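Understanding the architecture of this molecule
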Amino acid sequence: VSITTGVHPLWLAVTTLIYYLTSNAAIFHTVIFFIVSLLILGAHFLLSRVAIATGISLNTFTLISIPVFLVNLSLLGSGTENTLLLFLISLFLWLHYQDHQLGPAHCITLGVVLLLIYFCRLDNIFLVAVYLPWFTARYWYLYQTRTLIFSGVIIVAILAHWLLMYSFFGTIFSTSQISIK
């Protein structure tokens with residue numbers, strides 16, 4: 001095992017905390033299995049709410065979501081971060097379609113979930129890079145201050161993470177193949 005920047009620091013933090021609390025491999029795996037199961041069910045529930053909000057019938061949603069559900073079901077025992085990512089993206093989409101409630105708390109929640117998506121898998125920076133300019137353009141005329149704070153906090157958090165990665169690993173790019181000499 002070599003020291004690396006990794007690509008999924010949020011899942012690493014969650015599983016490390018769970019292992020620290022359980023201190024037993026069998027209990028740890030059982031808890032992870034339970035959490036992953038809840039994440040899959042929660043993601044599909046949130047996606048069904050997004051389908052309703054966008055006018056997609058539940059029959060169509062069920063037909064479309066079966067492959068996603070089966071893929072995540074096949075990962076159920078692996079304990080990978082994919083189920084956490086599916087849940088966070090589902091939560092983010094659900095929050096996005098609640099934009100009629102765009103107040104300070106909603107902006108903060110969107111920002112936190114977007115950052116969690118980034119920290120779930122660092123290659124999700126592309127999602128942030130697409131959503132942030134869209135959000136800024138979409139809401140700038142209504143909520144200049146909130147939009148500026150929302151975008152600024154996310155950019156500062158990511159830049160701070162990159163600064164830490166650069167200071168510890170000499171690169172801002174996530175990779176599991178960098179070995180520190």
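What comes next is a walk through the structure. (Residues numbered from 1 in each chain as written. Predicted model: local features only at pLDDT ≥ 70, side-chain atom pairs only at ≥ 80, totals over all residues. Heavy atoms only, no water.)

1. Overview of the nonpolar core
Core analysis: the biggest nonpolar cluster contains 31 residues, and Leu-114, Phe-150 and Ile-154 have the highest contact counts within it. Taken together, the elements giving at least two residues each to this core come down to helix H1 (9–22), helix H2 (25–53), helix H4 (82–96), helix H5 (104–120), helix H6 (125–139) and helix H7 (144–169). For this core, the element with the highest residue contribution is H5, accounting for eight residues. Beyond its immediate stretch of four places on either side in the chain, Ile-154 contacts Gly-111, Leu-114, Leu-115, Val-128 and Leu-132. Counting residues in each nonpolar core, the second largest holds five residues, with Leu-47, Ala-51, Phe-61 and Leu-86 among its members. (Core = buried A, V, L, I, M, F, W, Y, C linked by side-chain atoms within 4.5 Å. Buried < 20%, exposed > 50% of the residue type's maximum accessible area, 1.4 Å probe, protein only. Helix = DSSP H or I, 4+ residues; strand = E, 2+ residues; numbered from the N terminus. Contact = heavy atoms within 4.5 Å.)

2. Digging into H2
In a regular helix each residue adds 1.5 Å, so 29 residues correspond to 42 Å; H2 covers 41 Å between its end C-alpha atoms and thus fits that length. Two or three places before Ala-26, at the start of H2, stands the capping residue Asn-24, its side-chain oxygen 2.8 Å from that residue's backbone nitrogen. Immediately downstream of H2, the backbone of Gly-55 shows phi near 85 degrees, a positive value. (Expected span 1.5 Å × (residues − 1). Polar contact = N/O pair within 3.5 Å; in protein donor to acceptor, adjacent residues only side chain to side chain.)

3. Things to note about unusual backbone geometry
Unusually for a residue other than glycine, Ser-23 sits at a positive phi of about 55 degrees. Checked against the element boundaries, Ser-23 lands in the loop between H1 and H2. Exposure remark for Ser-23: the relative accessible area of 54% places this residue in the exposed category.

4. Section: the side chain of Asn-124
Position of Asn-124 relative to the elements: it lies in the loop between H5 and H6. Once residues within four sequence positions are removed from consideration, Asn-124 is found in contact with Leu-85, Ile-117 and Tyr-118.

5. Brief notes about a nonpolar patch on the surface
A cluster of nonpolar side chains, contributed by Leu-17, Tyr-20 and Leu-21, occupies part of the molecular surface with about 390 Å² of accessible area. Structurally, Leu-21 can be placed in helix H1. Among the residues examined, Leu-21 registers a relative accessible area of 63% and is labelled exposed. (Patch = residues over 30% accessible without salt bridge, like charges linked within 9 Å, V, L, I, M, F, W, Y side chains within 5 Å. Areas by Shrake-Rupley, 256 points an atom, 1.4 Å probe, with all protein chains shown as cover. Salt bridge = Lys/Arg side-chain N within 4 Å of Asp/Glu carboxyl O.)

6. Some thoughts on the pattern of salt bridges
When charged atoms on two side chains of opposite charge get close, those side chains can pair. Taken as a whole, this structure holds one salt bridge when the rule is applied. A salt bridge links Asp-123 to Arg-121, with the shortest nitrogen-to-oxygen separation between them at 3.2 Å. A residue is classified by how much of its surface remains accessible, and Asp-123, at 35% relative accessible area, is partly exposed.

7. Let's talk about the packing of H4 against H5
Remark: H4 packs on H5, axes separated minimally by 10 Å, with the N-to-C direction vectors making an angle of 155 degrees. It follows from the interaxial angle that H4 and H5 lie roughly antiparallel. Of the two possible hands of crossing, H4 and H5 adopt the one that is left-handed. Contact residues: Leu-84, Leu-85, Leu-88, Ile-89, Leu-91, Phe-92, Leu-95 and His-96 in H4; His-106, Thr-109, Leu-110, Val-113, Leu-114, Leu-116, Ile-117 and Cys-120 in H5. The residue makeup of the contact of H4 with H5, split by class, is 13 nonpolar, three polar and no charged. (Axes fitted to C-alpha atoms, helices over the stretch in contact; angles between N-to-C directions. Parallel < 35°, antiparallel > 145°, perpendicular 65-115°, else oblique. Left-handed = near helix turned anticlockwise from the far one by under 90°. Nonpolar A, V, L, I, M, F, W, Y, C, P; charged D, E, K, R; others polar.)

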